[in-house]
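Working through the structure, step by step
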Amino acid sequence: MKLTTNYLGIELKNPLIISSSGLTNTVKKIKKLENAGAGAVVLKSLFEEQINRDAISMLKEANYPEAEDYILNYTRNNTVEKYLKLIEETKDSVDIPIMASINCISSKEWISFAKNIQDAGADALELNVFILPDNIHENGYLYEQLYDDILVNMTQKVTIPISVKIGQNFTNIPAFVKNLKGRGARGVVLFNRFYAPDIDVDTMTFTSGEVFSNPSDLRYSLRWVGIVSSLIKNIDICASTGVHNGISVVKQLLAGATAVQVCSVLYQNGPEYIRTMLSDLEEWMKKYNFDSIDEFRGRMSYKNIPDPTIFERAQFMKYFSSIQ
Ligand SMILES: Cc1cc2nc3c(=O)[nH]c(=O)nc-3n(C[C@H](O)[C@H](O)[C@H](O)COP(=O)(O)O)c2cc1C
């Protein structure tokens, strides 16, 4: 039985990619993920904010202005150096593909670091872009344009394949993905799941919202994987959020995903759970006589089902009016 899949032009031994997170920030952890069967890993993101914040806190300690340029450059380089070392050491220690991840909130000069990431040996680059749209004087499309700018700048700097990991809050996701493809993206990750604040009503302080996803969160991406994989050709879709077991991997592949990413469930169950997920996938394939993923990928996508309106249904009122 073949579990191989081709994601971003890279052959993966199986479609299970470990998401960018604290699970993928040391060689030791990544080695364990590889031993448990991971198809690929996305390294913890290098954060644009982190580079700048580190620099700012050092600047506060230095009380002479000439230090500014030096410190900004030093901390940036130092943070980047550590990341490049992680890429190099990981590439030396494991055989599975390693994708670097950059969290970008602007298309500033620091994008030039992308070339170093490529030179360090990363097989691909995932752009984790999130810009909180909270400026009441900006039109929504201007925020989307920033994704374009980042992508256009990045594609000029590197030749390794680039994927873009996005959140689900776009007005027209297929059109947005089409646009990303036009700017050079080889793949999209649908979707990222972001940190969100919560409020403790007894202490009236802020706490963190639930950090981990749950299996029912799969529904957010399943619809869009099904629709985008049907409407936009030649872009790979990596399904993310709420993939907690082998059957949710099957669902995303049936909807048209090229690969899936997993994070929360491995925080909860440890790397060895990858084996369980893969054997559940294999068991399902065996049960329905599939020898390879290509035989069933997209079988239940928007374009391949007799009634595509199933993907379009959104209002509970209309379809579940009997539920009181
Ligand atoms: C503790 C933690 C750290 C994360 N760090 C990153 C990160 O550095 N970069 C990134 O793109 N996503 C990050 N994520 C998001 C995950 O990669 C993933 O997209 C999200 O958790 C949804 O997948 P899941 O439902 O399998 O958890 C993080 C998630 C968690 C829980």
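Residues numbered from 1 in each chain as written. Predicted model: local features only at pLDDT ≥ 70, side-chain atom pairs only at ≥ 80, totals over all residues. Heavy atoms only, no water.

So, unusual backbone geometry
Quick reminder of the rule: Only DSSP runs of H or I covering at least 4 residues are called helices, and only runs of E covering at least 2 are called strands; the numbering of each starts at the N terminus. Each residue is assigned to one of three classes by its accessible area relative to the maximum for its type, calculated with a 1.4 Å probe on protein chains only: buried under 20%, partly exposed between the two thresholds, exposed over 50%.
Backbone torsion omega between Leu190 and Phe191 reads 5°, so that peptide bond is classified as cis. Counting through the fold element by element, Phe191 comes out in the loop between β9 (187-190) and β10 (197-200). For Leu8, which is not glycine, the phi torsion reads 60° and is therefore positive. Relative to the helices and strands, Leu8 resides in the loop between β1 (5-7) and β2 (10-12). For Leu8, a relative accessible area of 1% puts it in the buried group. Phi at Met204 is positive, roughly 50°, even though this residue is not glycine. Summarising the element assignment, Met204 is placed in the loop between β10 and β11 (205-208).

With respect to the site of the ligand
Here is the rule: The cutoff for a nearby residue is simple: one of its non-hydrogen atoms must lie within 4 Å of the molecule or strand. N or O atoms closer than or at 3.5 Å make up a polar contact, with two conditions inside protein: a donor-capable atom paired with an acceptor-capable one, and, for residues adjacent in sequence, both atoms drawn from side chains. Only the protein chains shown count as cover for residues, and the accessible areas themselves come from Shrake-Rupley with a 1.4 Å probe. Each residue is assigned to one class: nonpolar for Ala, Val, Leu, Ile, Met, Phe, Trp, Tyr, Cys and Pro, charged for Asp, Glu, Lys and Arg, and polar for all the others, Gly among them.
Near the ligand there are 20 residues, and of these Ser20, Ser45, Ser213, Gly242 and Ser264 occur at the shortest range. Asn128 places a side-chain nitrogen or oxygen 2.9 Å from an oxygen atom of the ligand. Between Gly242 and the ligand, the recorded distance is 2.8 Å, taken from a backbone N or O atom to an oxygen atom. Out of a free accessible area of 610 Å², the ligand has 89% covered by protein chains. Looking at the shell around the ligand residue by residue, the classes come out as six nonpolar, eleven polar and three charged.

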